[in-house]
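Listed below are the residues making up each chain.
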Amino acid sequence: MRINEIKKDQDKRVVKPRDPNFQAMQNLRKSGASGSHGDKTKDIPRKEKHKGKAYDINENPVYEAEARIQHAEDLVFFDGARGAKRALGELKQLASGGENVTIKWDGSPAVIFGRNDNGEFIFTDKSGFSAKGYDGKAKSGDDVEKMFMARPGAKNNPEGYKALAGKMKNVYSTFESAVPESFKGYFKGDLLYFNTPVEKNGQFIFKPNIVNYAVPTDSNLGKKIARSDVGVVIHRLMDEEGRESTLKDFDIFQGSKLLVIPPITIEQAPQVDDSSVRRLEALVSKNAGAIDDFLNDQKLREMKLTDLPKILYAYLNSKVDTGLNNLGKGFMGWLQTSKVTAPKQAKIAEYVKANIQTFSAIWQTVEGIMNVKNDIIGQLDNQKGTVTATINGKPGGEGYVLQHPAGDIKLVNRSGFSAANRAVER
């Protein structure tokens, strides 16, 4: 992929089965798979000074569950016709430039680190940060190690957990020294490597999860990697209540031992299939009223089917294993084998039957958006540049994130990365 390094002011998982950390990482990913909306108290801005600048950790805050990035095609389920139009509009805009599209790094494990209001350094993960039955906000390397080894998974896989806990303990001091003592708040991200990556044929090679990354040693990013001991990609800032905001200043970190990877954006704009986009836009416009009525919150609430969008989403995810084509046609069969209760199954079946044309239009739209998106991803994956990502020797990584003020959209090939990731997890 051809990409460009953004230096400043720009706005999980498991490892390969042979690694002793495999089960430990898998359990950690599962333990952090769900989130909550957190404490919905009034957002009170808190500013910190760093290098003479006011730093607002609560700028445009959102809660963790609200911060999740949706697949482009999934916007149809949760935002109806408006979501479909937004997805198509954003994909179409890529033809004029990709400066707002960044690499979605396949890091592991997830980490949260920073300083509390007393200035104490905290290093943990999502489960530890939000723990209720114990203090998971580790304040030392020993605390981190004890936390991981006390988890239920450690009894089933002591070797894997011991190895992972040891690595997390060892990098504690590297993270601590990188965060200024004046900073208050937390960083949420994923580890990319615990030690300086190995060098092979003039490239640094590292594989945090299932994606293999290669970075030329003589590139700007490669030179930073050479000076580092640990690598991490940061997704968001967090406060004590779990409210999240965007990290814009990547110069906030001290020293070079912890490399916080800055946003990496594509340099060459992809071609977009205009004819497919126009056909989909016409389809959405023709069925907009019916789609929105089918997914209307109040209507679904009265029918006690408020989770129908999530059920449609779950069905689509299940198709990753069996093939992402002819979407919707096997929905009824899947529904009968799902965990949806029998009474709700009957309601959904009756509702779909009464609105079969709209149901079909929804899936035509979802599949169409997915096809346009995958074509764009394929082009980006084959561009040459600073970072080369491959899965099982084939071009491609986890995907890309399309950054937008209305909410970021992820561009992930479900038949590629998602399928490979699910296969490893099994």
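What counts as what
Residues numbered from 1 in each chain as written. Predicted model: local features only at pLDDT ≥ 70, side-chain atom pairs only at ≥ 80, totals over all residues. Heavy atoms only, no water. Helix = DSSP H or I, 4+ residues; strand = E, 2+ residues; numbered from the N terminus. Buried < 20%, exposed > 50% of the residue type's maximum accessible area, 1.4 Å probe, protein only. Areas by Shrake-Rupley, 256 points an atom, 1.4 Å probe, with all protein chains shown as cover. Salt bridge = Lys/Arg side-chain N within 4 Å of Asp/Glu carboxyl O. Contact = heavy atoms within 4.5 Å. pLDDT = per-residue confidence, 0-100. Pairing = 2+ DSSP bridges. Core = buried A, V, L, I, M, F, W, Y, C linked by side-chain atoms within 4.5 Å.

*Asks:* Which parts of the structure should I look at to understand the overall build of the chain?
*Replies:* Secondary structure assignment for the chain yields 14 helices and 20 strands. Relative to its full complement of 426 residues, the chain shows a buried share of 50%. Entry remark: accessible area of the chain is about 20,000 Å², with carbon and sulfur atoms responsible for 47%.

*Asks:* Whenever I open this one, the pattern of salt bridges confuses me. Can you help?
*Replies:* Pairing of side chains with opposite charge becomes possible as their charged atoms draw close. Applying the stated rule across the entire model yields 17 salt bridges. Ionic pairing is found between Lys299 and Asp293, a salt bridge with its closest N-O pair at 2.9 Å. Put simply, Asp307 and Lys344 hold a salt bridge, and the shortest N to O gap is 3.1 Å. One end of the pair, Asp307, is in the loop between α9 (297-302) and α10 (308-322); the other, Lys344, is in helix α12 (residues 342-354), and 37 residues separate them in sequence. Accessibility expressed as a relative area gives 25% for Asp307, which makes it partly exposed. Look at the salt bridges and you will find they share partners, linking Glu73, Asp74, Lys373 and Arg414 into a network.

*Asks:* What is the right way to look at the environment of Gly189 in this model?
*Replies:* Relative to the helices and strands, Gly189 is located in strand β9 (residues 185-193). The exposure class assigned to Gly189 is buried, which follows from its relative accessible area of 2%. Residues contacting Gly189, with those up to four places away along its chain left out, are Pro109, Ala110, Val111, Val233, Ile234 and His235.

*Asks:* What exactly am I supposed to notice about the confidence of the model for the chain here?
*Replies:* Segments scoring low in pLDDT should not have their predicted coordinates read at a detailed level. Per-residue confidence for the chain gives a mean pLDDT of 84; residues scoring 70 or more make up 83%. Low pLDDT (under 50) marks residues 1-20, which in the prediction has 95 contacts with non-local residues, meaning those over four places away or in another chain.

*Asks:* Is there a simple way to think about the sheet that holds strand β11 (residues 203-206) in this case?
*Replies:* In sheet architecture, strand pairing relies on hydrogen bonds along the backbone and comes in two forms, parallel and antiparallel. The 5 strands lie next to each other as β10-β11-β12-β17-β18, forming an open sheet whose pairing is antiparallel. Edge positions in the sheet fall to β10 (198-200) and β18 (394-395), since each of these pairs with one other strand and no more. One ladder, built from 2 bridges, connects strand β17 (residues 388-391) with β18; its direction is antiparallel. Pairing of Ile391 across the sheet is with Lys394, part of β18.

*Asks:* Can you help me understand the side chain of Thr174 in this one?
*Replies:* Its place among the elements puts Thr174 in helix α6 (residues 158-178). Ignoring any residue separated from it by four or fewer positions in sequence, one finds Thr174 in contact with Val230, Lys257 and Leu258.

*Asks:* What is the right way to look at the nonpolar core in this model?
*Replies:* Considering soluble globular proteins, one finds that nonpolar side chains tend to be buried as a cluster. Counting 74 residues, the largest nonpolar core has Trp105, Phe331, Ile348, Trp363 and Val366 as its most contacted members. Those residues in contact with Trp363 that lie beyond four places of it in its chain are Phe77, Leu312, Tyr315, Leu316, Leu327 and Gly328. Counting 30 residues, the second largest nonpolar core, distinct from the first, contains Tyr172, Phe187, Leu191 and Phe253.

*Asks:* Before we go on, may I ask you to explain the pairing of β9 in this structure?
*Replies:* Look at any regular strand and the pattern is simple: side chains alternate between the two faces of the sheet. Of all 9 residues in β9, 9 are buried, a share of seventy percent or more. Sheet analysis places strand β7 (residues 110-115) next to β9, joined by 6 bridges and oriented antiparallel. Along β9, the bridge assignment pairs Arg115 with Gly185. In terms of strand pairing, β9 meets strand β13 (residues 230-238) through 7 bridges, oriented antiparallel. Among the inter-strand pairings, Lys188 is bridged to a residue of β13, identified as Arg236.

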